[in-house]
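# Coordinate inspection notes
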Amino acid sequence: MPAKNIKVLVVGVGRMGQSHATAYQELDGFELCGLMSRSIRGRNDLPASFEGVPRFEDFDEALARTKPDAVSINSWPDTHAAYALKAFDAGCHVFMEKPIATNAADAEKIVRRAREAKRKLVIGYILRVHPSWTKFVEVARTLGKPLVMRMNLNQQSSGPSWTWHKNLMDSLSPLVDCGVHYVDVMCQMTGAKPVRVHGMGAHLSDEVKVYNYGALQVVFDDGSVGWYEAGWGPMMSETAFFVKDVVGPKGSVSIVASKAAGDGQSDSVDAHTKTESLRIHHAARGSDGKFVRKDEIVDMMDELSEERERLWRLSRKVAYPE
């Protein structure tokens, strides 16, 4: 007998929720059995493909009526813990957009409940599976130790995007929201453990309660150091908003994304995942003191196979339309 489709209830129908729901509709082996959002009945901007999919504004009702095999949680971060715990209690597997929770206690509770229920818990760390970023990590590991890692994600936002950012900041700061991705990348590159973190922030808008700019420095037990900054809002500069750069004793590797780093692009989260090419610099010099190898430019536009590119584009087309 053919395996039955995995029934998925999607929670949250914003950028990422719509992206995941569309994927579950189009990928073999999955069935989109329901959409849940606390304000979904007032939404008239959802894709036509979602017509006919049951909609709910109450999570408990959605669980009881759809009886999903898995729940995809893409709601505001401060709801993640409550929804995940209820999903595990209902016997469901859970996919969750990052972060897992807004505090360590809730994060530990979610992991513990998943183990007790013997259900799978997957966090949406997109950069771990993005082909270009996995190549970036692979090259960084060849540069020797210690590593110096410099990364940022600053976004100049206005209009609906600023409203979206303000809603996110009801749960957590920009530094935490996306910093989890880049500190995770640093851990992959070094294979080491963080031993010390220095952080600072600035409150640049009286429209939000938390600081909307932050920076951190991480020291690892192998001597590597990492820097990361993030800022959101109409006041943010678009100069040097795109920095993805790693330096080691043997050279450096940088993400080069000139199109993504163009004027007016910082507002797009998609721009921060694009890696048009990698620039690899070799530090080795000859007897004359000059470099023995020219910098390599690795074109990443051809790195995706046809099928992987199809799936990648499918996952992005709703969240980040052209």
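This one's a predicted model, so the numbers in the text were calculated from it and none came from an experiment.

The next point concerns the pairing of strand β11 (residues 244-248). The buried fraction of β11 amounts to four of the five residues, a majority that puts the element mostly inside the structure. In the sheet, strand β7 (residues 148-156) pairs with β11 via four bridges, with the strands oriented antiparallel. Bridge pairing links R150 to D245 in β11. Here four bridges tie β11 to strand β12 (residues 251-256), and the two strands are oriented antiparallel to one another. When the bridges of β12 are listed, V247 appears paired with S252.

In a beta sheet, neighbouring strands pair by backbone hydrogen bonds and run either parallel or antiparallel. Reading across from one edge, β8-β9-β10-β7-β11-β12-β13-β14 is the order of the eight strands in this open sheet, with mixed pairing throughout. The sheet is open, and its two borders are formed by β8 (194-202) and β14 (296-299), each paired with just one other strand. The sheet shows a mean angle of 10° between the axes of neighbouring strands, taken without regard to direction. Packing against the sheet, helix α5 (residues 131-140) makes contact with β7, β11, β12 and β13 (277-282), and its axis sits at approximately 170° to β12. Its contacts with the sheet place helix α7 (residues 174-190) against β7, β8, β9 (213-220), β10 (225-233) and β11, and it is angled at close to 155° to β10.

Right, let's talk about unusual backbone geometry for a bit. The residue after K98, namely P99, is reached through a cis peptide bond having omega -5°. In this fold, P99 is placed in the loop between β5 (93-96) and α4 (104-117). Across the junction of K145 and P146, the peptide omega takes the value 0°, indicating a cis bond. As for its position among the elements, P146 is in the loop between α5 and β7. The residue K67 is not glycine, and still its phi comes out positive at about 45°.

What follows concerns the pairing of β5. Across four bridges, the pairing between strand β4 (residues 70-73) and β5 is parallel. Across the sheet, A70 pairs through a bridge with H93, a residue of β5. Tracing the backbone out of β4, into helix α3 (residues 80-89) and back to the parallel element β5 gives a crossover that is right-handed. The sheet contact formed by β5 and strand β6 (residues 121-123) spans three bridges and is parallel. Its bridge partner being in β6, M96 is matched across the sheet by I123. Crossover connection from β5 via α4 to parallel β6: handedness right-handed.

On to the nonpolar core. Generally speaking, a soluble globular protein has its nonpolar side chains buried in company with each other. Judged by nonpolar contacts, the single largest core of 34 residues is most densely connected at F136, M151, M189, Y228, V246 and V253. The set of elements that each furnish at least two residues to this core consists of α5, β7, α7, β9, β10, β12 and β13. Among the elements that make up this core, the one with the highest residue count is α7 (six residues).

Once that is clear, we can look at the packing of aromatic side chains. On inspection of all chains with the given rule, the structure shows six aromatic pairs. Judged by centre distance (4.6 Å) and plane angle (40°), the rings of F59 and Y83 are tilted. With F59 in helix α2 (residues 59-66) and Y83 in helix α3, this residue pair connects regions lying 24 residues apart in the sequence. Owing to a relative accessible area of 4%, F59 belongs among the buried residues under this scheme. For the pair Y182 and Y228, a centre-to-centre distance of 5.1 Å together with 15° between the ring planes defines the contact as stacked. Pair noted here: Y182 is in helix α7 and Y228 is in strand β10, with a separation of 46 residues, a long-range link. An aromatic cluster of at least three residues, connected via ring pairs, comprises W133, F136, Y182 and Y228. One residue, R15, lies across the ring of W164, its end atom 4.0 Å from the ring centre. In this structure, K244 packs its charged tip against the face of F242, placed 4.3 Å from the ring centre.

This paragraph deals with the packing of α3 against α4. It is at 9 Å that the axes of α3 and α4 come closest, and there the two elements cross at 10°. The angle between α3 and α4 places the two elements in the roughly parallel class. Here A81, A84, L85, F88 and D89 of α3 come into contact with α4, specifically with D106, K109, I110, R113, A114 and A117. Residues belonging to the contact of α3 with α4 are distributed by class as follows: seven nonpolar, no polar and four charged.

It is worth spelling out the packing of α5 against α7 at this point. In contact at an axis separation of 9 Å, α5 and α7 are set at 40° when each is read in the N-to-C sense. Accordingly, the angle class assigned to the pair α5 and α7 is oblique. Between α5 and α7 lies a crossing of right-handed hand. Across from W133, F136, V137 and A140 in α5, the residues of α7 making contact are Y182, V185, Q188 and M189.

Before going further, it helps to spend a moment on the environment of V122. Note that V122 resides in strand β6. The exposure class of V122 is partly exposed, given its relative accessible area of 42%. For V122 and M96, which are 26 residues apart along the polypeptide, the C-alpha to C-alpha distance reads 6.2 Å. Aside from chain neighbours lying at most four places away, what touches V122 is V94, F95 and M96.

Reading the values: the criteria
Residues numbered from 1 in each chain as written. Predicted model: local features only at pLDDT ≥ 70, side-chain atom pairs only at ≥ 80, totals over all residues. Heavy atoms only, no water. Buried < 20%, exposed > 50% of the residue type's maximum accessible area, 1.4 Å probe, protein only. Helix = DSSP H or I, 4+ residues; strand = E, 2+ residues; numbered from the N terminus. Pairing = 2+ DSSP bridges. Axes fitted to C-alpha atoms, helices over the stretch in contact; angles between N-to-C directions. Contact = heavy atoms within 4.5 Å. Right-handed = clockwise from strand over helix to strand, strands pointing away. Core = buried A, V, L, I, M, F, W, Y, C linked by side-chain atoms within 4.5 Å. Phe/Tyr/Trp six-rings, centres within 6.5 Å; stacked < 30°, edge-to-face > 60°. Lys NZ or Arg CZ within 6 Å of the ring centre and 35° of its normal. Parallel < 35°, antiparallel > 145°, perpendicular 65-115°, else oblique. Nonpolar A, V, L, I, M, F, W, Y, C, P; charged D, E, K, R; others polar. Left-handed = near helix turned anticlockwise from the far one by under 90°.

Everything listed is a geometric property; what it means functionally is a separate question.
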